[in-house]
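# Analysis of the macromolecular model
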Amino acid sequence: MANRLARDVRSLADVRESLQAQVTANRAGVEVMLCGLVDAFNPHLGSHGRRVAKLVDMLAVRFKVSYFAHQALRHAAMFHDIGMLGMPRTTLFLPWSELSETDRSLIPSHPEIGASHLRALPWFEPSATAVAAHHEHWDGSGFPRRLAGEDIPIGARILAVCDSYDEMLNKPADAPEQFTEEQVLEHLRNHRGHKFDPRVVDLFLGIVAEASPREEEQKLPEGELPLSLSELQAGHCLSRDLMNVSGLVLLTKGTVLAEANVLRLRALRGMNAVVEPVYVHEN
């Protein structure tokens, strides 16, 4: 009897583990599918979302948010403009004064439209909350609900700064106006306490300052190459530890990549989970 009970317990544990693995795989598949939809509609928006996710990762660490809050914020960053799907591409970059009345009503609604799309899946509910409020302003002048100060969810306040920074810095080549990084940073400083949460701006500016490479740090050691994940090949030897965006070591310095390593890393790239570039020894 005891042996049978033990077998049943093990069987239930195996079923639970299998279901958890299936749910994890399904969630990852949905993320890849949503990224693909945004990319198909507008590759610029897809790239923008992934870059914003990387910026959000750095701020989430500074705010010491929980693992689940961090993941929710990452998803919000990746899909914060999903409510734009279906709008003409040219509309996205026109000055407000040149938009039609229809476009002027559609663009301010994209946070709530995007949030409603994400809420179709229960695990995206925390992400949807940040998406719905990412255009609210600290002083209450934003949209769609004119929330102000601490009434704006912290995830939305973090997302707003990262979104504005990347959107201004990485305009498409055919956009009416381009900005230098210093102009973008000055925009954040000027709107600190007005459009943006002052604490978020201060932490973000600190991160940017720390990330700015010093001249001596730009020179790579002889024989070292920085590669993107798509450039990695079996046989490459890591010259530095390979990290994920949470700061954990995935592969240690000196690892010679096998084909399985390369395939796995390329799969992780689709989930925006690995810090690039990857540094390898020159063959």
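Structure: above.
Residues numbered from 1 in each chain as written. Predicted model: local features only at pLDDT ≥ 70, side-chain atom pairs only at ≥ 80, totals over all residues. Heavy atoms only, no water.

### With respect to the nonpolar core
Under the convention used in this document: Joining through side-chain atoms within 4.5 Å is the link that ties buried Ala, Val, Leu, Ile, Met, Phe, Trp, Tyr and Cys residues into a set, and such a set is a nonpolar core. A 1.4 Å probe rolled over the protein chains alone gives each residue an accessible area, and that area as a share of the maximum for its type sets the label: buried under 20%, exposed over 50%, partly exposed in between. Helix and strand definitions here come from DSSP, where helices need a minimum of 4 consecutive H or I residues and strands a minimum of 2 consecutive E residues; each element is numbered from the N-terminal end. The contact criterion used is simple: two residues touch if any of their non-hydrogen atoms lie within 4.5 Å.
In terms of nonpolar packing, the biggest core is built from 45 residues, with V56, L59, F79, I158, C162, L188 and F204 touching the most fellow members. Of all the secondary-structure elements, those providing two or more residues to this core are α1 (2-41), α2 (43-63), α3 (67-79), α5 (110-118), α6 (125-132), α7 (154-169), α8 (181-190) and α9 (198-211). With sequence-adjacent residues up to four places away left out, L188 is seen in contact with V161, S164, Y165, F196, V201, F204 and L205.

### A short note on the pattern of salt bridges
For the record, the criterion: We count a salt bridge whenever a side-chain nitrogen from Lys or Arg sits within 4 Å of a carboxyl oxygen from Asp or Glu.
A complete count under the given rule lists 11 salt bridges for this structure. Where R62 meets E210, a salt bridge forms, and the shortest distance between an N and an O atom there is 2.4 Å. With R62 in helix α2 and E210 in helix α9, this residue pair connects regions lying 148 residues apart in the sequence. E210 sits in the exposed class, given a relative accessible area of 57%. Where K171 meets E167, a salt bridge forms, and the shortest distance between an N and an O atom there is 2.4 Å. Exposure remark for K171: the relative accessible area of 21% places this residue in the partly exposed category. A relative accessible area of 30% means that E167 is categorised as partly exposed. Through salt bridges with shared partners, one network takes in E150, R157 and D197.

### Focus on the packing of α3 against α6
Condition: Only C-alpha atoms enter the line fits that serve as axes; for helices the fit covers just the stretch in contact. Angles between N-to-C directions range over 0 to 180 degrees. Between 65 and 115 degrees an angle is taken as roughly perpendicular, under 35 as roughly parallel, over 145 as roughly antiparallel, and anywhere else as oblique. With the far helix as reference, a near helix turned anticlockwise by less than a right angle produces a left-handed crossing, and one turned clockwise produces a right-handed crossing.
α6 packs onto α3 with a crossing angle of 50° between their chain directions and a minimal axis gap of 8 Å. The orientation of α3 with respect to α6, classified from their angle, is oblique. As α3 packs across α6, the resulting crossing turns out to be right-handed. Facing α3, whose interface residues are A72, H75, A76 and F79, α6 presents P126, S127, A130 and V131.

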